[in-house]
Amino acid sequence: NGCILRVGWSHDELDISLGENETSWGYGGTAKKSHDNKYLSYGERYGVGDSIICYIDLQSNEKTISFARNGKNLGTAFTLTPEQIKKPFFPSVSSKNVKFLLNFGQQPTRHPLQEGYKMIAFTPAPLIHPCVSGPATMDDAEFVMMVGLPAAGKSTWCENHAAANPDKRYNILGTNLIMEKMKVTGLTRKRNYHGRWEELIQKATGVLNTLFKIVEKKLERFPRNIILDQTNVYESARRRKLKNFAKFGSKVAVVIVTSGEELNKRNAKREKEEGK
């Protein structure tokens, strides 16, 4: 589908795509609700000109998330567990090739709210929990370039480092992450190459190069801490890629070294399990 919009709620550690991890809950225009990468039929399809209201009830005995389309209540989409409501919720959107407007209360709603609900902008200040915002300026922004052979452990280091420093809000860029987001009928392509690894990596590399251009254009307005998760073993490649991140206040290279014997074991396992 060339145009996708999914709206809903998430905890602060939302993954890139709403509804694809344990900490986010979404409702998409294809009439599917999603949580933890599980998609179920819900509500109605929506598209151009429609108005979607995202409700969350954390005060009733039963804590729920529900939605409305053009004023029509679509019923409960998710019932939240006691464990899930221990963390604050944030309104969230995932989109692809779609323009949309968000209304948090800065203007009247097109359709009346359900009784007992109010726009999030009118939530009392003591109940508002700030999200971690990352760097304020490019001088504060960090760029980390990974260097290492395939299967050396770069992606594992990236994930562990980002998890250990949640206040940094690292954005990990790399072909692995892109391939994780390539789906066919809800299933990732990454472990289903079917002999087309070269074709897949070429497409993922093309997407990554496009992201580099976006980084250059938008980072001064929206600074981010970024980790580049690629092999980067050639000096010429490192110099070329660094040009996209020249304005970062901090630039660091992390080199992962693994023994030849261990690399051979990992590559053999990867070939057997993933076909590459």
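Note: the structure precedes this text.
Parameters and conventions
- Residues numbered from 1 in each chain as written.
- Predicted model: local features only at pLDDT ≥ 70, side-chain atom pairs only at ≥ 80, totals over all residues.
- Heavy atoms only, no water.
- Pairing = 2+ DSSP bridges.
- Helix = DSSP H or I, 4+ residues; strand = E, 2+ residues; numbered from the N terminus.
- Axes fitted to C-alpha atoms, helices over the stretch in contact; angles between N-to-C directions.
- Expected span 1.5 Å × (residues − 1).
- Buried < 20%, exposed > 50% of the residue type's maximum accessible area, 1.4 Å probe, protein only.
- Arc of directions from axis to C-beta.
- Contact = heavy atoms within 4.5 Å.
- Core = buried A, V, L, I, M, F, W, Y, C linked by side-chain atoms within 4.5 Å.
- Salt bridge = Lys/Arg side-chain N within 4 Å of Asp/Glu carboxyl O.

Participant: Mind showing me how you'd approach the sheet that holds strand 6 (residues 64-69) here?
Facilitator: Spatially, the 3 strands line up as an open sheet ordered 5-6-7, and their pairing is antiparallel. Each of the sheet's edge strands pairs with one partner strand only, and the pair in question is strand 5 (52-57) and strand 7 (72-79). Averaged over all pairs of adjacent strands, the angle between their axes in this sheet comes to 20°, without regard to strand direction. Note that strand 5 and strand 6 share 6 bridges and pair antiparallel. Its bridge partner lying in strand 6, Ile52 is registered against Arg69.

Participant: I would appreciate a short explanation of helix 3 (residues 197-218) in the present structure.
Facilitator: Note: α-helices contain 3.6 residues per turn, so residues at a spacing of three or four share the same orientation. Under the 1.5 Å per step criterion, the end-to-end length of helix 3 is 31 Å for 22 residues, consistent within 8% with the ideal 32 Å. By the burial criterion, the buried members of helix 3 are Leu200, Ile201, Ala204, Leu208, Phe212 and Val215. Down the axis of helix 3, the buried side of the element spans an arc of 125°, and every buried residue falls inside it. Turned more than 90 degrees off the buried face of helix 3, the exposed positions are Gln202, Lys213 and Lys217. Buried residues along helix 3 sit in contact with strand 10 (170-173), helix 2 (175-181), strand 13 (225-228) and helix 4 (235-242).

Participant: Sorry if this is basic, but what is going on with the side chain of Ser17 here?
Facilitator: Assignment of secondary structure puts Ser17 in the loop between strand 1 (4-10) and strand 2 (24-28). With a relative accessible area of 15%, Ser17 lands in the buried category. For Ser17, the residues in contact, after removing those within four places along its chain, are Arg6, Ser24, Ser94 and Lys181.

Participant: Whenever I open this one, the pairing of strand 2 confuses me. Can you help?
Facilitator: Across a regular strand the side chains alternate sides, sitting on one face of the sheet and then on the other. Counting buried positions over the 5 residues of strand 2 gives 5, a clear majority of the element. In this sheet, strand 2 lies alongside strand 1 in antiparallel orientation, the contact comprising 5 bridges. Paired with Val7 across the bridge in strand 2 is Tyr27. Where strand 2 lies against strand 3 (residues 32-35), 4 bridges are found, and the strand directions are antiparallel. In the strand pairing of strand 3, Trp25 is matched with His35. In this antiparallel pair of consecutive strands, strand 2 and strand 3, the connection spans 3 residues, and Ala31 shows a positive phi of 65°.

Participant: Which parts of the structure should I look at to understand the nonpolar core?
Facilitator: Across soluble globular proteins, nonpolar side chains show a tendency to be buried alongside one another. In terms of nonpolar packing, the biggest core is built from 20 residues, with Phe143, Leu173, Ile226, Phe245 and Phe248 touching the most fellow members. Broken down by secondary-structure element, the contributors of at least two residues to this core are strand 9 (142-147), helix 2, helix 3 and strand 13. The element best represented in this core is helix 3, accounting for 6 residues. With sequence-adjacent residues up to four places away left out, Ile226 is seen in contact with Glu142, Phe143, Val144, Tyr170, Asn171, Leu173, Val215, Leu219, Phe245 and Phe248.

Participant: It is not clear to me how the pattern of salt bridges should be interpreted in this structure. Could you clarify?
Facilitator: Side chains that differ in sign of charge can pair as their charged atoms come close. Throughout the structure, instances matching the rule amount to 12 salt bridges. A salt bridge links Lys168 to Glu142, with the shortest nitrogen-to-oxygen separation between them at 2.6 Å. In this pair, Lys168 is assigned in the loop between helix 1 (154-164) and strand 10 and Glu142 in strand 9, connecting sequence segments 26 residues apart. Classification of Glu142 as buried rests on a relative accessible area of 18%. Between Lys247 and Glu220 there is a salt bridge, with its nearest N and O atoms 2.4 Å apart. In this pair, Lys247 sits in the loop between helix 4 and strand 14 (250-255) while Glu220 sits in the loop between helix 3 and strand 13, placing the two residues 27 residues apart along the sequence. By the burial criterion, Lys247 is exposed, and Glu220 matches it.

Bear in mind that shape data such as this cannot, by itself, settle questions of function.
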